[in-house]
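# Results of the structural survey
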Amino acid sequence: MIKIYSPNMLKTYENCPKKFNFRYIEGINVPLSFLPFEKGKKIHALANYFLQGVNISRIETALSEDEKSIWQLLLNNPFYRKECLKSEFPISAKVGEFWLGGRIDAVVHDEKEYYILDYKTGSTPKKPEFDYQTMIYLLCMDKYLKNYDKLSFVYINLKDKNNYVIEFNDKLKQEYENRLLKICTAISSDSWYQKNAKSCVRCEYAKICK
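These numbers come from a predicted model, not from an experiment.

### A closer look at the sheet that holds strand S5 (residues 162-167)
Read from one edge of the open sheet, five strands run S1-S2-S3-S4-S5, paired in mixed fashion. Each end of this open sheet is capped by a strand with a single partner; those strands are strand S1 (83-95) and S5. In this sheet, adjacent strand axes meet at a mean angle of 35° when their direction is disregarded. Packed onto the sheet, helix H6 (residues 132-145) meets S1, strand S2 (98-110), strand S3 (113-120), strand S4 (150-157) and S5 and runs at close to 100° relative to S1.

This is the structure we're talking about:
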């Protein structure tokens, strides 16, 4: 039984319920190549060390020229230079009867104006305002902070050098809760997980899926 739903879990179910079943219900893990994600992992780790006050001078010397360029972009980003509340931390909240949560890159603030940061070395979601990560993290931080003047989610895209800012409000809060309740209810009542043929060709579970 699933105790807490993460953004990746909900995205997987939306793309292919059968893949969701293999990965999260049956617990079948298929090895993947993580080479395309190594750059992002390095930047995330370095960003966390920096916000925690760790001396990163020796780590910086081990970066490639491309990685150094990306790291400088993050260092110079106005959102990243705000005061850090927390970085790389798990968070969760209950919506209806379901628990949702994940791990946030960082939360920064100017007094009572808070910003959830998510660093991207690849692409930003096509509809960032309604991405599961955006919705879950904003709802979780809304309950975590309780008292604030402004709360926003900021995708810092280090590839196209843009910031995508979603400012939280009561209308979005209701919309997010409705959307999340809908998909979580669908998952909890789904008993056989039909496959989605559109994404089968590149799926890592294709060989075992019948």
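This is not the end of the story, as more comes after the structure.
### Let's talk about the packing of helix H1 (residues 7-15) against H6
Across the interface, H1 lies against H6 with an axial gap of 9 Å and an inter-helix angle of 145°. Here the hand of the crossing between H1 and H6 comes out right-handed. Between H1 and H6, the residues in contact are Pro 7, Leu 10, Lys 11 and Glu 14 and Tyr 132, Gln 133, Ile 136 and Tyr 137, respectively. Partitioned by chemical class, the residues of the contact of H1 with H6 number five nonpolar, one polar and two charged.

### Description of helix H7 (residues 170-189)
For H7, built from 20 residues, the straight-helix expectation of 28 Å at 1.5 Å per residue is met to within 8% by its first-to-last C-alpha distance of 29 Å. The inward-facing, buried residues of H7 abut H1, helix H2 (17-25), S1, S2, H6 and S5.

### Thoughts on the packing of helix H3 (residues 38-51) against helix H5 (residues 65-75)
With their axes 11 Å apart at the nearest point, H3 and H5 run at an angle of 45° to one another. Between H3 and H5, the angle is such that the two are oblique. The way H3 lies across H5 gives a crossing that is right-handed. Listed contacts from H5 to Lys 39, Lys 42, Ile 43, Leu 46, Ala 47 and Phe 50 of H3 are Asp 66, Glu 67, Ile 70, Trp 71, Leu 74 and Leu 75.

### With respect to the packing of aromatic side chains
The tally for this structure, following the rule as stated, stands at twelve aromatic pairs. With 5.3 Å between their ring centres and 50° between their planes, Phe 20 and Tyr 24 make a pair best called tilted. One end of the pair, Phe 20, and the other, Tyr 24, are both in helix H2, four residues apart, so they sit about a helical turn from each other. Note on Phe 20: relative accessible area 0%, which makes it buried. Classification of Tyr 24 as partly exposed rests on a relative accessible area of 27%. One aromatic cluster is present, formed by Phe 50, Trp 71, Tyr 80 and Tyr 119 through successive ring pairs. The ring of Phe 130 is capped by Arg 179, whose NZ or CZ atom sits 4.0 Å from the centre of that ring.

### Overview of the environment of Ala 206
Position of Ala 206 among the secondary structure elements: in the segment after H7. The spatial distance from the C-alpha of Ala 206 to the C-alpha of Lys 19 is 9.1 Å, given a sequence separation of 187 residues.

### With respect to the pattern of salt bridges
Pairing between side chains of opposite charge can happen when the charged atoms of each approach one another. Under the definition given, this model contains nine salt bridges. For the salt bridge of Lys 11 with Asp 131, the shortest nitrogen-to-oxygen distance reads 3.3 Å. Residue Lys 11 is located in helix H1, and its partner Asp 131 is located in the loop between S3 and H6; the two are separated by 120 residues in the primary sequence. Across the salt bridge formed by Lys 68 and Glu 65, the nearest N and O atoms sit 3.7 Å from each other. Here the residue Lys 68 and the residue Glu 65 both occupy positions in helix H5, the gap between them amounting to three residues, near one helical turn. Classification of Glu 65 as exposed rests on a relative accessible area of 62%.

Reading the values: the criteria
- Residues numbered from 1 in each chain as written.
- Predicted model: local features only at pLDDT ≥ 70, side-chain atom pairs only at ≥ 80, totals over all residues.
- Heavy atoms only, no water.
- Pairing = 2+ DSSP bridges.
- Helix = DSSP H or I, 4+ residues; strand = E, 2+ residues; numbered from the N terminus.
- Axes fitted to C-alpha atoms, helices over the stretch in contact; angles between N-to-C directions.
- Contact = heavy atoms within 4.5 Å.
- Left-handed = near helix turned anticlockwise from the far one by under 90°.
- Nonpolar A, V, L, I, M, F, W, Y, C, P; charged D, E, K, R; others polar.
- Expected span 1.5 Å × (residues − 1).
- Parallel < 35°, antiparallel > 145°, perpendicular 65-115°, else oblique.
- Phe/Tyr/Trp six-rings, centres within 6.5 Å; stacked < 30°, edge-to-face > 60°.
- Buried < 20%, exposed > 50% of the residue type's maximum accessible area, 1.4 Å probe, protein only.
- Lys NZ or Arg CZ within 6 Å of the ring centre and 35° of its normal.
- Salt bridge = Lys/Arg side-chain N within 4 Å of Asp/Glu carboxyl O.

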